[in-house]
Amino acid sequence: MIVFLLLLCLANGVVSQIRYSVPEEEEHGTFVGNIAEDLGLDLTQLATRRFQTVPSSRSPYLEVNLETGVLYVNEKIDRERICKQSATCLLHLEVFLENPLELFRIEIEILDINDNPPEFPETDITVEISESATPGTRFPLETAFDPDVGSNALRTYDITTNNYFYLDVQTQTDGNKFAELVLEKPLDREQQSVHRYVLTAVDGGQPPRTGTALLVVKVLDSNDNVPVFDQPVYSVSLTENAPVGTLVIQLNATDMDEGLNGEVVYSFSNHISSRVKELFDIDARTGRIEVRGDVDFEESSLYQIYVQAKDMGPNAVPAHCKVLVQVTDVNDNAPEITFSTVTDSVSENAAPGTVIALLSVTDKDSEENGQMHVEILGEVPFKLKTSFRNYYTIVTDGPLNRESADSYTVTVVARDKGSPSLATSKSIKVQVSDENDNAPAFTQPIYDVYVTENNVPGAYIHAVSAIDPDIGRNAHLNYSILECDIQGMSVKTYVSINNESGALYALRSFDYEQLKDFSFTVQATDNGIPELSSNATVNVIIVDQNDNAPSVIAPLGKNGTAREPLPRSAEPGYLVARIVAMDADDGENARLSYSIQRGNENGMFRMDWRTGELRTARRVSAKRDPQQLYDLLIEVRDHGQPPLSSSASVMVTLVDSVVEGSSGDRSGAAKAKDTSLDLTLILIIALGSVTFIFLMAMIVLAVRCQKDKKLNIYSTCLTSDCCLLGCSSCCCGRQARAARKKKKLSKSDIMLVQSAHASAATNAAVSVASASQVPVEESGSFGSLHQNQNYCYQTKHQRAELSYLVDRPRRVNSSAFQEADIVSSKDSGHGDSEQGDSDHDATHRGHSSGADLFSNCTEECKALGHSDRCWMPTFVPTDSRQGADYRSNLHVPGMDSVPDTEQRGKGYASSFRVDIPETA
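Please read all numbers here as calculations on a predicted model, not as lab measurements.

Examining the state of the cysteines
Item 1. Here the structure, examined in full by the defined rule, presents one disulfide.
Item 2. A disulfide bridge connects cysteine 83 with cysteine 89, and the sulfur atoms are separated by 1.8 Å. Its torsion about the S-S bond being 60 degrees, the disulfide of cysteine 83 and cysteine 89 is classed as right-handed. A single burial state applies to cysteine 83 and to cysteine 89, both of which are buried.

Structural notes on the environment of asparagine 331
Item 1. Residue placement: asparagine 331 occurs in the loop between β24 (319-328) and β25 (336-342).
Item 2. Residues asparagine 331 and asparagine 369, 38 residues apart in the sequence, show an inter-C-alpha distance of 5.2 Å.
Item 3. At 2.8 Å, the side chain of asparagine 331 and the backbone oxygen of proline 420 are in polar contact.

Thoughts on the side chain of glutamate 98
Item 1. Along the chain, glutamate 98 falls in the loop between β7 (90-97) and β8 (102-111).
Item 2. Within the structure, glutamate 98 has its side chain in polar contact with the side chain of arginine 50 (distance 3.3 Å).

Points about the nonpolar core
Item 1. Formed by 30 residues in total, the largest nonpolar core has its most connected members in Phe229, Leu251, Phe280, Ile289, Ile305, Val307 and Val323.
Item 2. Looking at this core, the elements with two or more residues in it are β17 (233-239), β18 (247-250), β20 (264-268), α3 (274-279), β21 (280-282), β22 (288-291), β23 (302-311) and β24.
Item 3. Broken down by element, this core gets its largest block of residues, five residues, from β24.
Item 4. In this structure, Ala466, Val491, Phe510 and Phe518 belong to the second largest nonpolar core, which totals 28 residues.

Some words on the side chain of threonine 411
Item 1. Along the polypeptide, threonine 411 turns up in strand β31 (residues 407-416).
Item 2. Under the relative-accessibility criterion, threonine 411 is labelled buried at 16%.
Item 3. Looking at threonine 411, its side chain comes within polar contact range of the side chain of serine 427, at 2.7 Å.
Item 4. When neighbours within four sequence positions are excluded, threonine 411 is seen to be in contact with Glu375, Ile376, Leu377, Ser425, Lys426 and Ser427.

Re the layout of surface pockets
Item 1. In this model, the largest pocket occupies a volume close to 1400 Å³.
Item 2. At the level of secondary structure, the elements contributing two or more residues to the lining of the largest pocket comprise α2 (79-83), α3 and β23.
Item 3. A total of five residues in the lining of the largest pocket trace back to one element, the largest contributor, which is α3.

Here is what the cut-offs are and how they apply
Residues numbered from 1 in each chain as written. Predicted model: local features only at pLDDT ≥ 70, side-chain atom pairs only at ≥ 80, totals over all residues. Heavy atoms only, no water. Disulfide = S-S within 2.5 Å. Buried < 20%, exposed > 50% of the residue type's maximum accessible area, 1.4 Å probe, protein only. Helix = DSSP H or I, 4+ residues; strand = E, 2+ residues; numbered from the N terminus. Polar contact = N/O pair within 3.5 Å; in protein donor to acceptor, adjacent residues only side chain to side chain. Core = buried A, V, L, I, M, F, W, Y, C linked by side-chain atoms within 4.5 Å. Contact = heavy atoms within 4.5 Å. 1 Å grid on protein atoms, 1.4 Å probe; cavity = no way out; pocket = protein on both sides within 12 Å on 5 of 7 lines; lining within 4 Å. Points joined across faces, edges and corners; volume = space filled by probe spheres on them.

Laid out in structure tokens, this is it:
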């Protein structure tokens, strides 16, 4: 036995091919070879790597021990039965290993042994030869058949030694040998009409085997012309699968004789094979060769037909020719697809290139009819990869996602290139196994759970749910609550969760007044490797129940009874008391209504059910209300379901005045009222206060800006010595006249300043006062120094650099103005004096004072707070100027046009003047 090891380097790895040889007819168990050792495989890994044979390549004659790798004969092999006359007889076996995939092709050559002797079709072979046959004439003999091949096949023929004939052994193109009997010496029928010889066929075996037949040569009478074919060899082409009766060739042989000696008959030569006789038929009269059977190119592409023609005369000598029939292939065989191994499932995380299946594709046709194109149909994440000769592997061609597709039907199509093209398809189903590549996802990220307070501990409150697209243990979820604190305690003391279903349970009874809501995080974790999880937030909102009755907090009283006074003179709607109550609940459960339950039978009082104000409904009547005390029972009721209520007792006592009432109860109610102020009201008050302060600040700024404008206009006049020098006709007068045209004077616009014409003695006496500026409205009185002081009226909005505007407490008081205020104490100072005021009184007193008393009283007088000139009384100065008017020191702007001589004639000193600012 010979072992050949051929290593073929392919694109996707190394595939090995081993060739063994074993003689035929070996007994069961005969050792052929050790595949594992010859391939260098580790025997310990054969089982783990699933060493096995490809089912389609298995043969009943051979068997492989999958544990040891030994190849042995399983059944006696008859080479002639398996391979017939083929020169080479091969059995093919494919084995492979998984993880990784390795394919090995094994060829077992069945060696021929000389177990068959040559055999003739008949034991007696008769040959008729005319006596006129010339030496050298050849007579083909029946061919012996030896099933063996090679050296064991038929090698030669032998004949008994004689003087008339010898054998000429020839070899056909297919290697078969046949013998021709050659006439060596003319025959003489009269001497010997029959010759008998032993014809022996010998093969080439060691030792050689032989087969014999009796050759009988009959000597016939002479027919001296033989038929002649047009050509010795004919070549024709025949399409395979040609229907029965199809003409192969029309032969023609001619004989020069006449009559029966010239009538030719056709037949197949004796040494033609039986298979040719099965496929073809010849017409003896016409020489027409037709198709008789199913001609298959895949069985044989060439047939040799030997035909003989002989006349019907006596002692006819046959003529021979050879017809070569070339079979043309047609595309009559579709490709065949055979799956050697198929993986049951593939992981969705499998890398591209993972082998899924191994298959082979064959086509019995030849040339283009046998050339194939193999592909996978449809859009699937798999592709074909050439493995070895006509073997292919199906591998993954991209990422797999079981959640998108849990299985694929992979259809392989093999199409040949014939015309018309034939195709074959086969499908396999590939399951995609799951991997834990998807985290659980809650149905919603936030759950709002409403739980009514006072719930039963352990009660079901809600259920969270998560979905995992995976399957199996990768989709089996466990729910848990992540640790956190609620009011200083673990969340797991408040709620629990069923780790299988996600149902949430309250572990305690919730109180809305203590805890209105809380949040925690739930987690869903799968059981995959590695574990994946996701979170969701659960907001538990406690729903209020009406479990708190209203509580009366005002008015407060002793022993639960409040006392409130009610004046007998109270008008209807008089506020007796305000009942203030609070409810710890919320919403409708805390909305309260007030009512009088008892003590108001005579309808003396009415209760505002919204605000709780207790007011009188009518006046107090002595007849209808003889009692001094009203004992009222006030009920406060909430709007919950069911409603809860509480009551308060209020004792209302009739008193003559409010003073007689108890101030303590009032103060208590006031305190209660203050404590119950609504937060919204407080915010409104605060917002209003801030707004009011802002508006006031804006107004002050606007006023200051207006006054600053006024000061800027008269800055030049004020800084000059105009008023001090007594220049009544200078800038002060002009400015005053300009201002008088634009603005009406006001008292606040006039100030007193010392004139420059004051005496030196007076200046020394009032040196302190001379540095001050005295507003008219702030001067208390004119004292005894009036005759020695001269003042000039000036606006009080002066610049800050004037020192006499700074020290207000040191202002000079004028006794003359003091006396004037005494005389006219009823004047309003707004120019609106009527009957009975100082103007009216002065008018009646003016007849005794002289007409010149009012000569210089103008609008400036009204600006000083007097509506006319009659307010000034006549008084006698303390010095020698008896005839002078006490107003001679008053300088009035607008009167500067009066000549000084006229003023002196009237006895005016002109030591006072009024400066009016010019408005912008």
